[in-house]
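# Notes for the structure review
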Amino acid sequence: MNLLRKFPISKRLWLIPVVAILMLFILGMLMIQQVRSDLYKGKQEMTRHVVETAAGIFDHYRQLETSGTMYTAEAQQAAIKQIRALRYDGQDYFWINDLGPVMIMHPMQPKLEGQNLSQVMDPTGKALFYEMVAVARRDGAGAVDYMWASPGEADPVPKISYVQLFQPWGWIIGSGIYVDDVEAEFKNYLVSFSIIGLFIAVTIALLLGVLAALYRDQWPDQVIRIFSIACLAPPSFWLALL
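Here's a quick rundown of the structure. (Residues numbered from 1 in each chain as written. Predicted model: local features only at pLDDT ≥ 70, side-chain atom pairs only at ≥ 80, totals over all residues. Heavy atoms only, no water.)

## Quick notes on the overall build of the protein
Helix and strand counts for the protein stand at seven helices and five strands. In the protein, the succession of helices and strands from N to C terminus is α-α-α-β-β-α-β-β-β-α-α-α. In the protein, the share of contacts with a sequence separation of at least 24, taken over all contacts with a separation of at least 6, comes to 52%. Taken as a whole, the protein presents about 13800 Å² of accessible surface, with 61% of it coming from carbon and sulfur. (Helix = DSSP H or I, 4+ residues; strand = E, 2+ residues; numbered from the N terminus. Contact = heavy atoms within 4.5 Å. Areas by Shrake-Rupley, 256 points an atom, 1.4 Å probe, with all protein chains shown as cover.)

Written out as structure tokens, the structure is:
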């Protein structure tokens, strides 16, 4: 502080907007990280809900099967047809595999249908379908992270899926979110926050300039009073800096 005393009060007053902007920056970074975390949690929760809803189709056709209205094969094929056509959030889809694991239905890669998935691994070496089976057997449902190509793309990207076991048929239904999609949405939030932060910083600088012009002799007191109100900090806080 002794070093700062060497500078005139008019110069030291610039510490006030600098500190205010720094405080806003730190608060903004904390908010941004919270937004990112909430965004992922929200997407994963949404995926869980849509999988649980789609699994209700199994329950419907299982009831028709047990009531004798439909044979097992008929009920299963009807369920497959209905789930194959389901989409949400544009092109997000569902797939079905059994506990083998064998692919029962995959709307984006039908060539996998009927194939044993035990040798299918992502670029990191994870046997993803074995992992899904393990989660389904152990917990009945849960999340699995791995790498998989987005629809229309060739290169695998990180993905987090939610899978749920339908015990009567030994089938697993799943759907997932692509991490790069979530990150793209987060970047949009980041741009918005940055624009707002820049606007606030510029406003503070302009405010200080206006105060300097209006209160040439008593503007230190005016600056301290205004920033105390705007930043919810007592005048003694700003005076300590000066």
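Once you've had a look at it, read on.
## With respect to the environment of Ala141
Relative to the helices and strands, Ala141 is located in strand S3 (residues 141-149). C-alpha separation for the pair Ala141 and Val163, spaced 22 residues apart in sequence, amounts to 5.5 Å. When neighbours within four sequence positions are excluded, Ala141 is seen to be in contact with Val135, Ala136, Tyr162, Val163 and Gln164.

## Comments concerning the sheet that holds strand S2 (residues 103-105)
Read across the open sheet, the five strands follow the order S2-S1-S5-S4-S3; overall the sheet is antiparallel. The open sheet is flanked by S2 and S3, the only strands paired with a single partner. Between one strand axis and the next, the sheet turns by 35° as a mean value, whatever way the strands run. Where strand S1 (residues 95-98) meets S2, two bridges bridge the pair, whose relative direction is antiparallel. Each residue of the ladder has a partner; that of Ile96, found in S2, is Met105. Of the strands in this sheet, S1, S2 and strand S5 (171-178) are in contact with helix H3 (residues 72-84), which crosses S2 at around 70°. Lying on the sheet, helix H4 (residues 128-139) is in contact with S1, S2, S3, strand S4 (156-166) and S5; it crosses S3 at an angle near 175°. (Pairing = 2+ DSSP bridges. Axes fitted to C-alpha atoms, helices over the stretch in contact; angles between N-to-C directions.)

## Things to note about the nonpolar core
Judged by nonpolar contacts, the single largest core of 23 residues is most densely connected at Phe58, Tyr61, Ile83, Phe94, Ile96, Trp169 and Ile173. Secondary structure elements with two or more residues in this core: helix H2 (15-66), H3, S4 and S5. Tallying contributions element by element places H2 first for this core, with seven residues. With sequence-adjacent residues up to four places away left out, Ile83 is seen in contact with Ala54, Ile57, Phe58, Phe94, Ile96, Met105 and Ile173. In terms of nonpolar packing, the next biggest core, distinct from the first, is built from 20 residues, Leu112, Phe129, Val144 and Val163 among them. (Core = buried A, V, L, I, M, F, W, Y, C linked by side-chain atoms within 4.5 Å. Buried < 20%, exposed > 50% of the residue type's maximum accessible area, 1.4 Å probe, protein only.)

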